[in-house]
Amino acid sequence: MTAEPVVLALHHVSLLVSDTDRARRFYEDVLALMPLDRPDLGFPGAWLALGDGQQLHLMELPDPDPKSGRPEHGGRDRHFALRVADLAPFIERLEQAGVNYTRSRSGRASIFFRDPDGNAVELMGA
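Definitions and cut-offs
Residues numbered from 1 in each chain as written. Predicted model: local features only at pLDDT ≥ 70, side-chain atom pairs only at ≥ 80, totals over all residues. Heavy atoms only, no water. Pairing = 2+ DSSP bridges. Helix = DSSP H or I, 4+ residues; strand = E, 2+ residues; numbered from the N terminus. Axes fitted to C-alpha atoms, helices over the stretch in contact; angles between N-to-C directions. Phe/Tyr/Trp six-rings, centres within 6.5 Å; stacked < 30°, edge-to-face > 60°. Buried < 20%, exposed > 50% of the residue type's maximum accessible area, 1.4 Å probe, protein only. Lys NZ or Arg CZ within 6 Å of the ring centre and 35° of its normal. Polar contact = N/O pair within 3.5 Å; in protein donor to acceptor, adjacent residues only side chain to side chain.

## Some thoughts on the sheet that holds strand β2 (residues 34–36)
Right, so step 1: Spatial strand order, β1-β4-β3-β2: 4 strands in an open sheet with mixed pairing. Edge positions in the sheet fall to β1 (12–16) and β2, since each has one partner strand and no second. The sheet shows a mean angle of 30° between the axes of neighbouring strands, taken without regard to direction.
Right, so step 2: Here 5 bridges tie β1 to strand β4 (residues 54–59), and the two strands are oriented parallel to one another.

This is the structure:
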């Protein structure tokens, strides 16, 4: 008899970016993510640590998705969510960087914003 499939955890999220250095600086400076070693995959990119062995992979490849027409509130678009210990320091960093954000419409302690390439990110307070 075959064992039941078991998902252990999310390993990584991959995002398409138009400029690896710009995207890497955004995630390192605004979200304080740490860079990871990345093998040569034949295209530019960067890997960043999200904690608990999870990673964010930035891939500088052509993006087939349109940038216009996306909802202002990232919670109404595809996005990835990160649980954080405290929203306040992230809100301060976003404001210092001039990045607009919106609060969750569900009543949760969450905010949504977009990276320089329009990818939506949610930060969820613990």
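## As for the packing of aromatic side chains
Right, so step 1: A full pass over the atoms with the stated rule returns 2 aromatic pairs.
Right, so step 2: Taken together, a centroid distance of 5.2 Å and an interplanar angle of 90° make the contact between phenylalanine 26 and tyrosine 27 edge-to-face.
Right, so step 3: Taking relative accessible area as the criterion, phenylalanine 26 reaches 9% and is therefore assigned buried.
Right, so step 4: Relative accessible area serves as the criterion here: at 0%, tyrosine 27 is assigned to the buried category.
Right, so step 5: Taken together, a centroid distance of 6.3 Å and an interplanar angle of 55° make the contact between phenylalanine 26 and phenylalanine 113 tilted. On the criterion of sequence distance, the pair formed by phenylalanine 26 in helix α1 (residues 20–31) and phenylalanine 113 in strand β7 (residues 110–114) is long-range, its members being 87 residues apart.
Right, so step 6: The class of phenylalanine 113 is buried, set by a relative accessible area of 2%.
Right, so step 7: Joined through ring pairs, the aromatic side chains of Phe26, Tyr27 and Phe113 make up one cluster.
Right, so step 8: For the cation-ring pair, arginine 38 lies above phenylalanine 43, with the distance from its terminal atom to the ring centre recorded as 5.0 Å.

## Remarks on the side chain of aspartate 117
Right, so step 1: Structurally, aspartate 117 is set in the loop between β7 and β8 (120–125).
Right, so step 2: The class for aspartate 117 is buried, based on a relative accessible area of 6%.
Right, so step 3: Only 3.1 Å separates the side chain of aspartate 117 from the side chain of arginine 22, close enough to count as a polar contact.

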